[in-house]
Amino acid sequence: MTEVRERIDSIVGKSDIVLFMKGTALFPQCGFSQRAVAILDHLGVKFETVDVLQDGEIRQGIKDYSDWPTVPQLYVKGEFLGGSDIMMEMFEAGELQQLLEEKQVAKA
Amino acid sequence: MAMAADHIETLIRAAIPDARVEIVDLAGDGDHYEARVVAESFRGQARVRQHQRVYEALGGRMGTELHALKLSTGVPD
């Protein structure tokens, strides 16, 4: 369990924005993951994705890591922000754009 | 596995008694829902915490019995 946590720590520490999702950015395997990718694409920020379907350990581990039951999950500068519903709510309110600017994340 | 809309509402209201809950069965299949949960006790809590409280109310069913729940939360106007 600790090992998974360390792997996830290292993944979310390596890039400004990391999206844990089902499938890849080009071929999302779930509507919620697709929506999350679409928001990040639209914002024009650089992001890494991790396909949980390719890694059973991460697939379970990420849920324990954030105490969050579903995928996708968005991490900005190592901090868990939420799933696709929160991303959409924040995006519609202009809060996501503001937060990413404040955190000075890399552009695509 | 599917879950009835009123069951979801009961679970949420049991854990968050001041919640106003609206549930829409998006696909009519008992498996894809949209829920809007508004509660005074959400005031001052971060969005991620508000959603976490709803997931806690569903007691581990989220992601298993209940695959797709599009969730939005808020405080009363």
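Placed above this text is the structure.
Residues numbered from 1 in each chain as written. Chains lettered and ligands numbered in written order. Predicted model: local features only at pLDDT ≥ 70, side-chain atom pairs only at ≥ 80, totals over all residues.

Within a sheet, neighbouring strands are paired by backbone hydrogen bonds and run either parallel or antiparallel to one another. Residue and element names in this part refer to chain B. Spatially, 1-2-3 is the arrangement adopted by the three strands of the open sheet, whose pairing is mixed. With one partner strand each, in any of the chains shown, strand 1 (20-25) and strand 3 (68-74) form the two edges of the open sheet. Direction aside, neighbouring strands of the sheet carry axes that sit 15° apart on average. Two strands pair when backbone bridges link them, and strand 1 and strand 2 (residues 32-38) are joined in this way by six bridges, in the antiparallel orientation. Paired with R20 across the bridge in strand 2 is V38. Sheet strands touched by helix 2 (residues 47-57): strand 2 and strand 3. Its angle to strand 3, the strand with the most contacts, is close to 125°. (Pairing = 2+ DSSP bridges. Helix = DSSP H or I, 4+ residues; strand = E, 2+ residues; numbered from the N terminus. Axes fitted to C-alpha atoms, helices over the stretch in contact; angles between N-to-C directions. Contact = placed C-beta atoms within 7 Å.)

All names here are of chain A. One can describe the packing of helix 2 (residues 31-43) onto helix 4 (residues 84-92) by two numbers: an axis separation of 9 Å at closest approach and a directional angle of 35°. The handedness of the crossing between helix 2 and helix 4 comes out as left-handed. Here F32, R35, A36 and I39 of helix 2 come into contact with helix 4, specifically with S84, M87, M88 and F91. Split by residue class, the contact of helix 2 with helix 4 holds six nonpolar, one polar and one charged. (Left-handed = near helix turned anticlockwise from the far one by under 90°. Nonpolar A, V, L, I, M, F, W, Y, C, P; charged D, E, K, R; others polar.)

On to the interface of chain B and chain A, then. Facing the ten residues of chain B at the interface are eight residues of chain A. Taken together, the elements giving at least two residues each to the side of chain B that touches chain A come down to helix 2 and strand 3 of chain B. Take the side of chain B that touches chain A: its biggest share by element is five residues, from helix 2 of chain B. Class assignment of the residues belonging to the side of chain B that touches chain A gives a composition of four nonpolar, four polar and two charged.

This next bit is on the nonpolar core. Counting residues in hydrophobic clusters, the biggest one holds 27 residues, and the most contacted among them are V18, L19, F20 and A36 of chain A. Residue assignment for this core shows that the elements contributing at least two residues are helix 1 (2-14), strand 1 (17-21), helix 2, helix 3 (56-66), strand 3 (73-76), helix 4 and helix 5 (95-102) of chain A. Top element by residues in this core is strand 1 of chain A. It accounts for five residues. Those residues in contact with F20 of chain A that sit more than four places away from it in its chain are V50, V52, I62, V71, P72 and Q73 of chain A. Core analysis: the second largest hydrophobic core is formed by 18 residues, A19, A35, A39 and L66 of chain B among them. (Core = buried A, V, L, I, M, F, W, Y, C linked by C-beta atoms within 7 Å. Buried ≥ 20, exposed ≤ 12 C-beta atoms within 10 Å, placed from the backbone.)

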